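Descriptive analysis of the structure
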Amino acid sequence: MDLRSAQLFQHLASSLNFSKTSEQLYVSPSTLTRIIQRLEDDLGVQLFSRDNRSVRLTPAGVRFQQFVKKYLEDWHQLQVDLSLTSNELQGQLRLFCTVTASYSHLPDILDKFRLLCPRAEIQLTTGDAAVALDKVKNDEADVALAVYPPNLPLNMAFTSIAKLPLQLIAPVVPCKVNDLLNEAPIRWQDIPMIVPEHGPARSRLEQWLKAENFSPNMVAKVDGHEAMVSMVALGTGVAVVPEPVVQHSPVRERVRTVALDYQFEPFDLGICMQSKRLHEPLMRAFWQIAAERK
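On a predicted model such as this, the values are computed, not experimentally measured, just so you know. (Residues numbered from 1 in each chain as written. Predicted model: local features only at pLDDT ≥ 70, side-chain atom pairs only at ≥ 80, totals over all residues. Heavy atoms only, no water.)

**Examining the state of the cysteines**
Evaluated as defined, the whole model comprises zero disulfides. No disulfide involves Cys117; its sulfur sits 18 Å from that of Cys97, the nearest cysteine. On the basis of relative accessibility, which here comes to 1%, the residue Cys117 falls in the buried class. Cysteine Cys272 is unpaired, with the sulfur of Cys97 as its nearest cysteine sulfur at 13 Å. According to the relative accessible area criterion, Cys272 is buried, its value standing at 0%. (Disulfide = S-S within 2.5 Å. Buried < 20%, exposed > 50% of the residue type's maximum accessible area, 1.4 Å probe, protein only.)

Right, here's the structure in full:
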């Protein structure tokens, strides 16, 4: 079993979704299927139970998952040990952030990190901000750019790098949404709203709804702030999103900010990693560079 096969199996054992693992680890579904089948052939057992609706680990798969987890941990520790004896820091660093953060906040940190650790291998995965902490917690990422949560787990380390204002946005195009927004007073309970499935943006929205004492007319639940901006631009509804997402959106000219008496609590964006790994050379270097960005 090679390292790549072990990483693919471990991710699939966690996601239990072939499409998700293929997308997030940049491998075609057919290649992923062949690798899993090869592992099953080599072991002589079935690792996953599959049907049209679900994927599940078999008892043999659960046992193999324990083996692979230990194998990957030992490999990572070997990289750490060898880097300590090298004049240059090296090894792999798995990063997770949103698409917007990948070009709004990450480049400055990575530019400095590459100068300090030119031999380090960077593996970047992008996705919904709401799952950033879970990616680190589940060892699917070493470091994540994440929003500080209401209750940070004790085993997680977090250092702030930026404050992100939030705003309510509406479409520019003539549509029913704007007709309703032009009424005086605005009947907020009738305004179509695009809401996040979960995460810090959802909690900020709920705080506003509670303060204004109305139930929203939810027309869509969406994962990812970038997709929310696109739906607003199409005239679907209004949404609460971080300001940088709007600024960097390709459809920013098609949305506008709605003036409110209410002020949303800004996001505290920062770097998150497992506390027990702060001593590792690559992790410590990335942490220190990010902390200097405050």
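**Comments concerning the pairing of strand β5 (residues 143-147)**
Burial analysis of β5 places five of its five residues in the buried class, which makes it a mostly covered element. The alternating pattern of β5 places Val143, Leu145 and Val147 and Ala144 and Ala146 on opposite faces, both of which are buried. Pairing analysis gives two bridges linking strand β3 (residues 90-97) to β5, with the strands arranged parallel. In the sheet register, Leu95 faces β5, and the bridge partner there is Val143. Pairing of β5 with strand β12 (residues 267-274) involves four bridges; the strand directions are antiparallel. Its bridge partner lying in β12, Ala144 is registered against Cys272. (Helix = DSSP H or I, 4+ residues; strand = E, 2+ residues; numbered from the N terminus. Pairing = 2+ DSSP bridges.)

**What to know about unusual backbone geometry**
For the bond from Ala184 to Pro185, the omega torsion is 0°, close enough to zero to count as cis. For Pro185, the location among the structural elements is in the loop between α8 (176-181) and β8 (192-196). The backbone of Leu16 shows a phi angle near 50°, a positive value even though the residue is not glycine. Among the structural elements, Leu16 can be located in the loop between α1 (3-15) and α2 (18-24). Non-glycine residue Asn213 carries a positive phi angle of around 60°. Within the secondary structure layout, Asn213 lies in the loop between α9 (200-212) and β9 (217-222).

**Topic: the sheet that holds strand β7 (residues 166-171)**
Ordered in space as β10-β7-β11, the three strands form an open sheet in which the pairing is antiparallel. Each end of this open sheet is capped by a strand with a single partner; those strands are β10 (239-242) and β11 (255-257). Each strand of the sheet is rotated relative to its neighbour by a mean of 50°, with strand direction disregarded. Of the strand pairs in this sheet, β7 and β11 are connected by three bridges, and their pairing is antiparallel. Bridging across to β11, Ala170 finds its partner in Arg256. Of the strands in this sheet, β7, β10 and β11 touch helix α10 (residues 225-233), which is tilted by about 135° from β10. (Axes fitted to C-alpha atoms, helices over the stretch in contact; angles between N-to-C directions. Contact = heavy atoms within 4.5 Å.)

**Focus on the packing of helix α6 (residues 106-116) against helix α12 (residues 281-291)**
In the contact formed by α6 and α12, the axes pass within 9 Å of each other and the chain directions differ by 130°. Relative to α12, the element α6 is oriented oblique. Classified by chirality, the crossing of α12 by α6 is right-handed. Contacts between α6 and α12 pair Leu106, Ile109, Leu110, Lys112, Phe113 and Leu116 from the former with Leu282, Ala285, Phe286, Ile289 and Ala290 from the latter. Among the residues forming the contact of α6 with α12, the class breakdown is ten nonpolar, no polar and one charged. (Parallel < 35°, antiparallel > 145°, perpendicular 65-115°, else oblique. Left-handed = near helix turned anticlockwise from the far one by under 90°. Nonpolar A, V, L, I, M, F, W, Y, C, P; charged D, E, K, R; others polar.)

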